[in-house]
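# Structural characterization, general
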Amino acid sequence: MHVRSWRETYRGVMSDRVLDDPELPAARERFWTAALSDERYQANRVAVAERDGEVVGIAMAGPPQDSAAQWGTHLYVLYVLAAEHGTGAGAALLDAVIGPHDSAALWVADPNPRAQAFYRKHGFVADGTVMVDDGVREIRMVRLL
């Protein structure tokens, strides 16, 4: 589901070399194995959205890696299959891993107007911080309460 959502969402934003890499599913599996079993990540909250027994969305949030952060939670993952966009699955996942009154931050691909609008709707604003990760420009969005 994670790989499929990346391929649906990031085609044209992320390198085809990355998206079509036959090792991508195994790399994502290793990521999730660590995220769910390594005690370094035990404070993280993970949620999945299902429809008819199929996972259609995933989210993960936890403490920020930067101890000087002005927010208490970092959203590390929120992906929903394209067919589920607009169904409320993303909002439910966000609410499952970040409380509605929690200060939080996240990185979002730029351009990704749909995702950026979704986060703005949920109180996040771009703070002007930009990074490029694996050729993808990302902006940081924060919700400070």
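Below: a short report on this structure.

Let us now look at the side chain of His2. When you line up the elements, His2 lands in helix 1 (residues 2-10). Once you skip the residues sitting within four places of it in the chain, His2 turns out to touch Arg28, Phe31, Trp32, Ile58 and Tyr79.

We now examine the environment of Ala117. Secondary-structure assignment places Ala117 in helix 5 (residues 113-121). For the pair formed by Ala117 and Asp20, sequence separation is 97 residues and the distance between their alpha carbons is 27 Å.

Attention now goes to the pattern of salt bridges. If you walk through the whole model with that rule in mind, you get nine salt bridges. The closest approach of N and O atoms between Arg17 and Asp134, which form a salt bridge, is 4.0 Å. Here Arg17 is found in helix 2 (residues 16-19), whereas its partner Asp134 is found in the loop between strand 5 (125-133) and strand 6 (136-143), with 117 residues between them in sequence. Exposure remark for Asp134: the relative accessible area of 48% places this residue in the partly exposed category. Across the salt bridge formed by Asp38 and Arg40, the nearest N and O atoms sit 2.8 Å from each other. With a relative accessible area of 25%, Asp38 lands in the partly exposed category. Judged by relative accessible area, Arg40 falls into the exposed class, the value being 62%. In this structure, a network of salt bridges that share partners links the residues Arg4, Glu8 and Glu54.

Criteria and thresholds
Here the residue numbers are simple positions, counted from 1 along each chain's written sequence. The predicted nature of this model means local features are confined to residues of pLDDT at least 70 and side-chain atom pairs, given and counted, to a pLDDT of 80 or more, with totals for whole chains, interfaces and linings taken over all residues. Excluding hydrogens and water, the side-chain figures rest on all heavy atoms present in the structure. Runs of H or I in DSSP of at least four residues are treated as helices and runs of E of at least two as strands, each being numbered from the N terminus. Two residues form a contact once any of their heavy atoms are found within 4.5 Å. Salt bridges are defined by distance alone: a side-chain nitrogen of Lys or Arg within 4 Å of a carboxyl oxygen of Asp or Glu. A simple rule labels every residue: compare its accessible area, found with a 1.4 Å probe on the protein chains alone, to the largest value its type can have, and call it buried under 20%, exposed over 50%, or partly exposed in between.

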